[in-house]
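Residue-level structure breakdown
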Amino acid sequence: MTQGRPLLNRRLTDFGTTIFAEMSALAVRTGSINLGQGFPDTDGPEAIREAAVRAVRAGHGNQYPPGPGVPELRAAVAEHQQRHHGLAYDPDTEVLVTTGATEAVAASLLALLEPGDEVIALEPYYDSYAACIAMAGGTRVPVTLRPHEGAFRLDLDELRAAVTPRTRLILLNTPHNPTGTVLSREELAAIAALACERDLLVVTDEVYEHLVFEGEHIPLASFPGMRERVVTISSAGKTFSLTGWKIGWITASPELVTAVRSAKQFLTYVSGGPFQYAVAEALRLPGSYFDELRADLRAKRDLLSEGLAEAGFDVYRPAGTYFVTVDIRPLGAEDCFAFCRALPERCGVVAVPNAVFYDHRAQGAPFVRFAFCKRTDVLTEAVTRLKGLRGA
């Protein structure tokens, strides 16, 4: 304490060590299989890793790269948006490279919010969303995705009712972490119409865009009236299994990119120069790469989902991402925190309690998230261990 004040800014007093750090440390301490934190246990394509090595050796990006990102990557991002989604962006004025999607979210909110502005976020939400809204001085307004017929669904009437004269922005995530929900064309059209009607900005986190197993991923920016009011975010981490590289990007109108860049330049300024050149090559991989990645993760989703069902959980099989949510109540449990902290000792597996992703903690209390972005042999062993829960 100094001058009678706590050292930590009051906006961040509710945010301690992330649940991912806590559960990963628990996995190490107990020697358990870590299905909590969402990182792959194998590296991305060798050709892309070698591209990074080549860039380092050739002196590409070893010094400060351009603030908006190296031109090669910005061009590749624009080509990717056109190739996969039919969206045309100018690489010079409508693409900004960031230190992962997390910085892209932070910079967008810091740039676009004034203190007191309300931000609607789908609950459960990735934990950094809440912290970023708080750092920007915004007020978080959660709209809860609720379980219905084996999936978590958005209530569009609830979303509309959450909009007030103070609402500035909707923070959207689809495919959605942690529930695995992929918003439908009809749902996205309704969100787009609401944003236009109420003159709202939308920041969309689409890092799982290539990991859709049922349905389709449709960028919100593709809907009428949305091109000038949407900041679209994605990254290389999930698509290329290179989460440690922390290369992300936004695509948006020149005015929105300029605003976000004004905040981003005072965060990291620039990062990952050689990796940016390698990710430019990754984005140009043939369509077969994305198809094979999706097929591999779909098989792993099915393996883990079926194993969790056999262990006695109620399973919400995800339409996208690489996480599966389960209901722990069939196993006689109701507190996801206690359940996850005891799970390593019970069966040698670590998961994440979903309640940490909720403002309304009671809504998330019976749900737990498992990650399936692991080797098949690891998932098979985890399933074997988890099946012991039914007998216990």
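Residues numbered from 1 in each chain as written. Predicted model: local features only at pLDDT ≥ 70, side-chain atom pairs only at ≥ 80, totals over all residues. Heavy atoms only, no water.

Brief notes about the overall build of the protein
- Summing up its helical and strand segments, the protein has 15 helices and 15 strands in all.
- What you see for the protein is a C-alpha radius of gyration of 21 Å, in line with the 21 Å of a compact globule of 392 residues.
- Taken along its principal axes, the extent of the C-alpha atoms in the protein is 60 × 55 × 50 Å.
- Taken across its 392 residues, the protein has 56% of its residues classed as buried.
- Intrachain contacts of the protein at a sequence separation of at least 6 include 75% that bridge at least 24 residues.
- Accessible surface for the protein amounts to roughly 16,200 Å². Of this, 50% is attributable to carbon and sulfur atoms.
- Within the protein, the 47 negative side-chain charges are centred at a point lying 4 Å from the centre of the 39 positive side-chain charges. (Helix = DSSP H or I, 4+ residues; strand = E, 2+ residues; numbered from the N terminus. Rg over C-alpha atoms; globule rule 2.2 N^0.38 Å. Buried < 20%, exposed > 50% of the residue type's maximum accessible area, 1.4 Å probe, protein only. Contact = heavy atoms within 4.5 Å. Areas by Shrake-Rupley, 256 points an atom, 1.4 Å probe, with all protein chains shown as cover. Lys, Arg positive; Asp, Glu negative; His and termini not counted. Charge placed at Lys NZ, Arg CZ, Asp CG, Glu CD.)

Some remarks on the sheet that holds strand 15 (residues 367–371)
- The antiparallel open sheet is built from 4 strands, whose spatial order is 11-12-15-14. The two strands at the open ends of the sheet, each matched to only one other strand, are strand 11 (314–316) and strand 14 (352–353).
- In this sheet, strand 12 (residues 323–327) lies alongside strand 11 in antiparallel orientation, the contact comprising 3 bridges. From the neighbouring strand, D314 faces strand 12, where its bridge partner is D327.
- In this fold helix 12 (residues 336–347) packs onto strand 14 and strand 15, with an angle of close to 40° to the strand it touches most, strand 15. (Pairing = 2+ DSSP bridges. Axes fitted to C-alpha atoms, helices over the stretch in contact; angles between N-to-C directions.)

Comments concerning the packing of helix 2 (residues 46–58) against helix 10 (residues 273–282)
- Contact geometry of helix 2 with helix 10 gives a least axis separation of 8 Å together with a crossing angle of 140°. When the interaxial angle is binned, helix 2 and helix 10 end up oblique. Considering how the two elements wind past one another, helix 2 and helix 10 form a crossing that is right-handed. For the pair helix 2 and helix 10, the contacting residues are I48, A51, A52, R54, A55 and V56 in the first and P274, F275, Y277, A278, E281 and A282 in the second.
- When grouped by side-chain class, the residues that make up the contact of helix 2 with helix 10 number 10 nonpolar, no polar and 2 charged. (Parallel < 35°, antiparallel > 145°, perpendicular 65-115°, else oblique. Left-handed = near helix turned anticlockwise from the far one by under 90°. Nonpolar A, V, L, I, M, F, W, Y, C, P; charged D, E, K, R; others polar.)

Notes on the nonpolar core
- The biggest cluster of nonpolar side chains holds 129 residues, and the ones touching the most others in it are L220 and F370.
- In contact with L220, not counting residues within four places along its chain, are L172, L188, I191, A192, V202, T204, E206, M226 and V230. (Core = buried A, V, L, I, M, F, W, Y, C linked by side-chain atoms within 4.5 Å.)

With respect to the pairing of strand 3 (residues 118–123)
- Burial runs high along strand 3: 6 of the 6 residues are buried.
- In the sheet, strand 3 pairs with strand 4 (residues 139–144) via 6 bridges, with the strands oriented parallel. Residue pairing in the sheet places L122 in a bridge with V143 of strand 4.
- On the question of chirality, the crossover connecting strand 3 to the parallel strand 4 by way of helix 5 (residues 127–135) is right-handed.
- Bridge count for strand 3 against strand 7 (residues 167–173) is 4 bridges, and the pairing is parallel. (Right-handed = clockwise from strand over helix to strand, strands pointing away.)

Examining the pattern of salt bridges
- Scanning all chains against the criterion turns up 23 salt bridges.
- Between D92 and R74 there is a salt bridge, with the nearest N and O atoms lying 3.6 Å from each other. Here R74 lies in helix 3 (residues 71–85) and D92 lies in the loop between helix 3 and strand 2 (95–98), a separation of 18 residues in the sequence.
- Judged by relative accessible area, which is 60%, D92 ranks as exposed.
- Judged by relative accessible area, R74 falls into the buried class, the value being 8%.
- For the salt bridge of D302 with R301, the shortest nitrogen-to-oxygen distance reads 3.0 Å. (Salt bridge = Lys/Arg side-chain N within 4 Å of Asp/Glu carboxyl O.)

Considerations on helix 4 (residues 100–112)
- Here helix 4 contains 13 residues, and its C-alpha end-to-end distance of 19 Å stays within 8% of the 18 Å for a straight helix at 1.5 Å per residue.
- Taken as a whole, helix 4 has its buried residues at G100, A101, E103, A104, V105, A106, A107, S108, L109 and L112. (Expected span 1.5 Å × (residues − 1).)

A closer look at helix 5
- When you tally the buried positions in helix 5, you get 8 out of 9 residues, the bulk of the element.
- Looking at helix 5, one finds that the buried residues are D127, S128, Y129, A130, A131, C132, I133 and A134.
- Lining the buried residues of helix 5 we find helix 1 (19–30), helix 4, strand 3, strand 4, strand 7 and strand 8 (201–205).
- A positive backbone phi angle near 80° is found at G137, which sits one or two residues after helix 5.

With respect to unusual backbone geometry
- Between E123 and the following residue, P124, the backbone shows a cis peptide bond with an omega angle of 5°.
- With respect to the helices, strands and loops of the structure, P124 is situated in the loop between strand 3 and helix 5.
- At E149, a residue that is not glycine, the phi angle is positive and equals roughly 50°.
- With respect to the helices and strands, the residue E149 is situated in the loop between strand 5 (146–148) and strand 6 (151–153).

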